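Residue-level structure breakdown
Okay, here's what each chain looks like letter by letter:
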Amino acid sequence: MRYFYGKNQKEAVNKMHEAENQSSQGIFKYQNEKITVAMWCVEFMDNYLRPGLKSATLTAYNSSLKNHILPSIGDYKLRDLDARIIQTVFVKHLKNCKLAAKTIKFHLGFLSQILDKAVDLDLMMKNPARSSAVEIPKVLKPEIKTLTVRQMNAFIRAAREPDPLYADIFEFLFNTGMREGEALGLCWGDVDLKNRRAVIRRQLHRKYGYTVEPLKKLVDSGLLGWPLTVRISGATGFAWKF
């Protein structure tokens with residue numbers, strides 16, 4: 001027995017009629033025995049990957065394929081993939097790698113994205129990675145431990161001894177809440193010293209070399225009212241000062 005899925009009853013019926021026509025013509029698109037998970041992953045990455053991805057995201061996707069998806073389920077036929085295989089092979093592989101719950105969720109999510117496109121193209125009837133039968137460790141919200149003002153001041157004093165510039169950078173991070181990559185991606189054009197405003201337009205990525213990439217969503221300077229001034233920091237040139 002075969003099942004047909006759609007956004008509504010009409011779409012499901014249309015898929016059923018299409019399958020009946022293909023069957024009568026000897027076409028078995030739904031049961032293509034030659035397509036493996038590995039073959040489909042290659043086609044997905046070459047033709048269906050969402051455009052405009054950040055280099056860090058693309059690197060994470062390639063790593064997920066190379067280290068987890070392909071080694072564990074790459075040889076399975078796409079049509080044979082079900083929730084049981086996802087659970088007992090793929091998720092088990094991720095657990096054996098001692099990955100954090102959040103990381104396991106990421107890899108399963110990426111696999112779901114790959115299989116969603118296979119369903120859209122009628123290579124699979126449904127996405128087994130989205131089945132309620134697939135269970136992964138619950139992602140627990142970690143307890144955030146912040147430094148006290150006294151600890152921050154002690155940290156900055158210690159950082160100022162080897163190089164004042166490092167202390168200025170850390171002080172900037174402490175007082176703005178910026179991520180490291182966002183602060184290191186700032187240019188002078190992003191800072192309005194007169195009105196004491198700054199805009200986060202890009203961030204610096206350090207994985208596999210240094211790259212500066214624009215943010216998808218501009219952080220409006222009206223939300224960031226930092227009291228910025230500038231001082232000369234010895235031979236290091238300009239540095240931030242609050």
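Parameters and conventions
Residues numbered from 1 in each chain as written. Predicted model: local features only at pLDDT ≥ 70, side-chain atom pairs only at ≥ 80, totals over all residues. Heavy atoms only, no water. Core = buried A, V, L, I, M, F, W, Y, C linked by side-chain atoms within 4.5 Å. Buried < 20%, exposed > 50% of the residue type's maximum accessible area, 1.4 Å probe, protein only. Helix = DSSP H or I, 4+ residues; strand = E, 2+ residues; numbered from the N terminus. Phe/Tyr/Trp six-rings, centres within 6.5 Å; stacked < 30°, edge-to-face > 60°. Axes fitted to C-alpha atoms, helices over the stretch in contact; angles between N-to-C directions. Parallel < 35°, antiparallel > 145°, perpendicular 65-115°, else oblique. Left-handed = near helix turned anticlockwise from the far one by under 90°. Contact = heavy atoms within 4.5 Å. Nonpolar A, V, L, I, M, F, W, Y, C, P; charged D, E, K, R; others polar.

Concerning the nonpolar core
If you look at the biggest cluster of nonpolar residues, it comprises 33 residues, and the most contacted ones within it are W40, I69, I73, L78, F110, L111 and I114. Sorting the residues of this core by element identifies helix 2 (37–47), helix 3 (55–73), helix 4 (83–96) and helix 5 (101–120) as the ones contributing at least two each. Per-element accounting of this core gives the leading share, 8 residues, to helix 5. Counting residues in each nonpolar core, the second largest holds 7 residues, with F172, L186, I200 and L215 among its members.

Some thoughts on the packing of aromatic side chains
For the structure shown, the criterion picks out 5 aromatic pairs. Among the aromatic residues, those joined into a ring-pair cluster are Y61, F106 and F110.

Some details on the packing of helix 3 against helix 4
Closest axis-to-axis distance for the helix 3/helix 4 pair is 9 Å, and the angle between their directions is 140°. It follows that helix 3 is oblique to helix 4 by the angle criterion. In the packing of helix 3 onto helix 4, the handedness of the crossing is right-handed. From helix 3, N67, H68, I69, S72 and I73 reach across to helix 4, where they touch I85, V89, F90, H93 and L94. Here the residues of the contact of helix 3 with helix 4 are counted per class, giving 6 nonpolar, 4 polar and no charged.

As for the environment of C41
Note that C41 resides in helix 2. Residues contacting C41, with those up to four places away along its chain left out, are L65, I69, L70 and I114.

By themselves, these figures tell us nothing about what the structure is for.
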